Amino acid sequence: MLISGQILARPHIVVVTATTGFRHDSIETAELVLAAIVAEQNADISFIRTEDELAVLDLQTADAVFFVNTTGELPLSAANTLLAWIRNGGTFAGVHSASDTWHSLPDYLDMIGAEFVSHPPEANGEIVVVDATHPATKNLDSPHVLFEEFYEFGRINPPSLRVLLSLESKPLAWEKSFGLGRVVYTALGHRIDVWQSAYFRAHLSGIVQWALTPAYVKRRSVRH
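Heads up: these notes are all about the structure in this document. Quantities reported herein were computed from a predicted structural model and do not represent experimental measurements.

## Details of the overall build of the chain
Of regular secondary structure, the chain possesses six helices and 13 strands. Considered along the principal axes of its C-alpha atoms, the chain spans approximately 65 × 35 × 35 Å. Relative to its full complement of 224 residues, the chain shows a buried share of 53%. When the accessible surface of the chain is summed, it comes to about 10200 Å², and 54% of that surface belongs to carbon and sulfur atoms.

Here it is as structure tokens:
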């Protein structure tokens, strides 16, 4: 006898680490750290690491997409799929050089909220929590000194952003909307030791929590 019911599917985060420009040596560490955080939050994770994999991007089962230290002009087919998906209500998180990606696509840069222009030498910076009510910042010390590569941005419009972290009064992490979708970006994440730090791990854990919140409400289900 068949009993009608539901099997709740675990939320699924797709993490893209493909690059056509500079490739960070922290990517392998980033994948390990994110996999552990996502598992702690009872969700599934998959990785897209190459241009070929990204060219056939399929987001039908994705609850959130993370671009983690991506760089360069990645396949345009993926950009079209991704931007349409976010506009229609998808959730996106960009980490560090996600803002150094698809410089030729104004829609992508508008979606993420800024464009990487340059960076000074790595240095200590005093990071300030601007909005402590957001999951990405609620467990962070403020101010916090971190040795990191800090970006200079173009195409940034602070009034359109919910600024979460700042450095010398300049936005460093933020949330914004794009169509019906939600976007979070953090400029941190260049160095291996930053990825291994308790501070950045708490920041990332909050970003994952933020990304998965609607997924737990709208979990896909199948009948049995």
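## Some thoughts on the sheet that holds strand β2 (residues 12-16)
The pairing of strands in a sheet comes from backbone hydrogen bonds and takes either a parallel or an antiparallel form. With mixed pairing, the nine strands of this open sheet are ordered in space as β3-β2-β4-β5-β12-β11-β10-β7-β8. Looking along the sheet, the strands with just one partner apiece sit at the ends: β3 (44-48) and β8 (144-148). Averaged over neighbouring strand pairs, the angle between their axes works out to 20° when direction is ignored. Pairing analysis gives four bridges linking strand β4 (residues 64-68) to strand β5 (residues 91-95), with the strands arranged parallel. Residue pairing in the sheet places V65 in a bridge with F92 of β5. Helix α3 (residues 76-87) contacts β4, β5, β11 (170-178) and β12 (181-186) of the sheet and is inclined by roughly 130° relative to β4.

## Describing α3
With 12 residues, α3 extends 16 Å between its outermost C-alpha atoms, agreeing within 8% with the 16 Å of an ideal straight helix rising 1.5 Å per residue. Within α3, the full set of buried residues consists of A78, A79, L82, L83, W85 and I86. For α3, the angular spread of buried residues about the axis comes to 160°, placing them on one side. Seen from the open side of α3, the exposed residues pointing more than 90 degrees away from its buried face are L76 and N80.

## Here's the deal with helix α1 (residues 27-40)
Between its first and last C-alpha, α1 extends 20 Å over 14 residues, near the 20 Å set by a 1.5 Å rise per residue. For α1, the complete set of buried residues consists of I27, T29, A30, E31, V33, L34, I37 and V38. The first or second residue beyond α1 is N42, which carries a positive phi of 60°.

## Observations concerning the nonpolar core
In terms of nonpolar packing, the biggest core is built from 71 residues, with F66, F67, L82, F92 and Y108 touching the most fellow members. Element by element, the count of residues in this core is highest for helix α6 (residues 198-217), at eight residues. Not counting residues up to four positions away in its chain, the partners in contact with F92 are V65, F67, L82, I86, Y108, M111, I112, R182, V183, V184 and W210.

## Here we look at the side chain of H203
For H203, the location among the structural elements is in helix α6. Among the residues examined, H203 registers a relative accessible area of 0% and is labelled buried. With sequence-adjacent residues up to four places away left out, H203 is seen in contact with A136, L140, L165, A173, T186 and L188.

Rules used in this analysis
- Residues numbered from 1 in each chain as written.
- Predicted model: local features only at pLDDT ≥ 70, side-chain atom pairs only at ≥ 80, totals over all residues.
- Heavy atoms only, no water.
- Helix = DSSP H or I, 4+ residues; strand = E, 2+ residues; numbered from the N terminus.
- Buried < 20%, exposed > 50% of the residue type's maximum accessible area, 1.4 Å probe, protein only.
- Areas by Shrake-Rupley, 256 points an atom, 1.4 Å probe, with all protein chains shown as cover.
- Pairing = 2+ DSSP bridges.
- Axes fitted to C-alpha atoms, helices over the stretch in contact; angles between N-to-C directions.
- Contact = heavy atoms within 4.5 Å.
- Expected span 1.5 Å × (residues − 1).
- Arc of directions from axis to C-beta.
- Core = buried A, V, L, I, M, F, W, Y, C linked by side-chain atoms within 4.5 Å.

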